Amino acid sequence: SGMRREEARENLGAFIREAHQQGLRCVRVIHGKGLGSAGRTPILKAKVLSWLIQKQEVIAFAQAKIGRAHV
């Protein structure tokens, strides 16, 4: 099962901080599809975007296209 909203936010923040401390300039964040959410909608998709905007370590991000295979 997926993470709850606050757990996901904390994990994303920790991931971004750790990547920044290690000098990584590009990382990939893959969120779930929301199949466990009420209405089976991807709630975290919009939340992740808003959380990334708030991080000063993040200078840019792009969303993958719908249907694109993850490598």
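Residue numbers restart at each chain and count upward from 1, following the sequence in its written direction. Where local features are concerned, this predicted model is filtered to residues with pLDDT of at least 70; where side-chain atom pairs are given and counted, the filter is 80 or more; whole-chain, interface and lining totals use all residues. Note: side-chain values were computed over all heavy atoms of the structure, leaving out hydrogens and water.

**Focus: the nonpolar core**
- Residues belong to a common nonpolar core when they are buried Ala, Val, Leu, Ile, Met, Phe, Trp, Tyr or Cys residues joined through side-chain atoms within 4.5 Å. Only protein chains enter the accessibility calculation, which uses a 1.4 Å probe; a residue is then buried when its area is under 20% of its type maximum, exposed when over 50%, and partly exposed in between. Listed in full, the six residues of the largest apolar core are Ala8, Leu12, Ile16, Val48, Trp51 and Leu52.
- Helix and strand assignments follow DSSP, with helices taken as H or I runs no shorter than four residues and strands as E runs no shorter than two, numbered in order from the N terminus. Where this core is concerned, the elements lending two or more residues are helix H1 (5–21) and helix H2 (43–54).
- Whether two residues touch is decided by their heavy atoms; if any such pair falls within 4.5 Å, the residues are in contact. In this structure, Trp51 is in contact with Arg5, Ala8, Arg9, Leu12 and Leu44, ignoring residues within four places of it in sequence.

**Examining H2**
- Expected helix span is given by 1.5 Å per residue-to-residue step, counting one fewer step than there are residues. With 12 residues, H2 extends 17 Å between its outermost C-alpha atoms, agreeing within 8% with the 16 Å of an ideal straight helix rising 1.5 Å per residue.
- Considering only its buried residues, H2 is in contact with H1.

**Things to note about a nonpolar patch on the surface**
- Exposure above 30% relative accessible area and no salt bridge define the residues that can form patches, which grow by joining like charges within 9 Å and nonpolar side chains of Val, Leu, Ile, Met, Phe, Trp and Tyr within 5 Å. Here the open area of atoms and residues is found with the Shrake-Rupley method and a 1.4 Å probe, where only the protein chains shown may cover a residue. Any Lys or Arg side-chain nitrogen located within 4 Å of an Asp or Glu carboxyl oxygen qualifies as a salt bridge. Taken together, Phe15, Leu24, Val27 and Val29 make up a surface patch of nonpolar side chains, about 300 Å² in accessible area.
- Tracing the backbone shows Leu24 in the loop between H1 and H2.

**Section: H1**
- Here H1 contains 17 residues, and its C-alpha end-to-end distance of 24 Å stays within 8% of the 24 Å for a straight helix at 1.5 Å per residue.
- Along H1, the positions that sit buried rather than exposed are Ala8, Leu12, Gly13, Ile16 and Ala19. Taken around the axis of H1, the buried residues stretch over an arc of 135°, which confines them to a single face. Opposite the buried face of H1, at more than 90 degrees from it, the exposed residues are Glu10 and Gln21.
- Considering only its buried residues, H1 is in contact with H2.
- Of the residues one or two after H1, Gly23 is the one with positive phi, at around 80°. This arc is built from the directions going out from the helix axis to the C-beta atoms.

**Thoughts on the packing of H1 against H2**
- Two elements in contact, H1 and H2, have axes separated by 11 Å at closest approach and are oriented at 40°. Put simply, H1 runs oblique to H2. Along this stretch, H1 crosses H2, giving a crossing that reads as right-handed. Residues Arg5, Ala8, Arg9, Leu12 and Ile16 of H1 pack against Ile43, Leu44, Lys47, Val48, Trp51, Leu52 and Gln54 of H2. Axis definition: a line fitted to C-alpha atoms, over the contacting stretch in the case of helices. Angles run 0 to 180 degrees between N-to-C directions. Small angles under 35 degrees read as roughly parallel and large ones over 145 as roughly antiparallel, with 65 to 115 read as roughly perpendicular and the rest as oblique. Note: crossing handedness is left-handed where the near helix turns anticlockwise from the far helix by less than a right angle, and right-handed where it turns clockwise.

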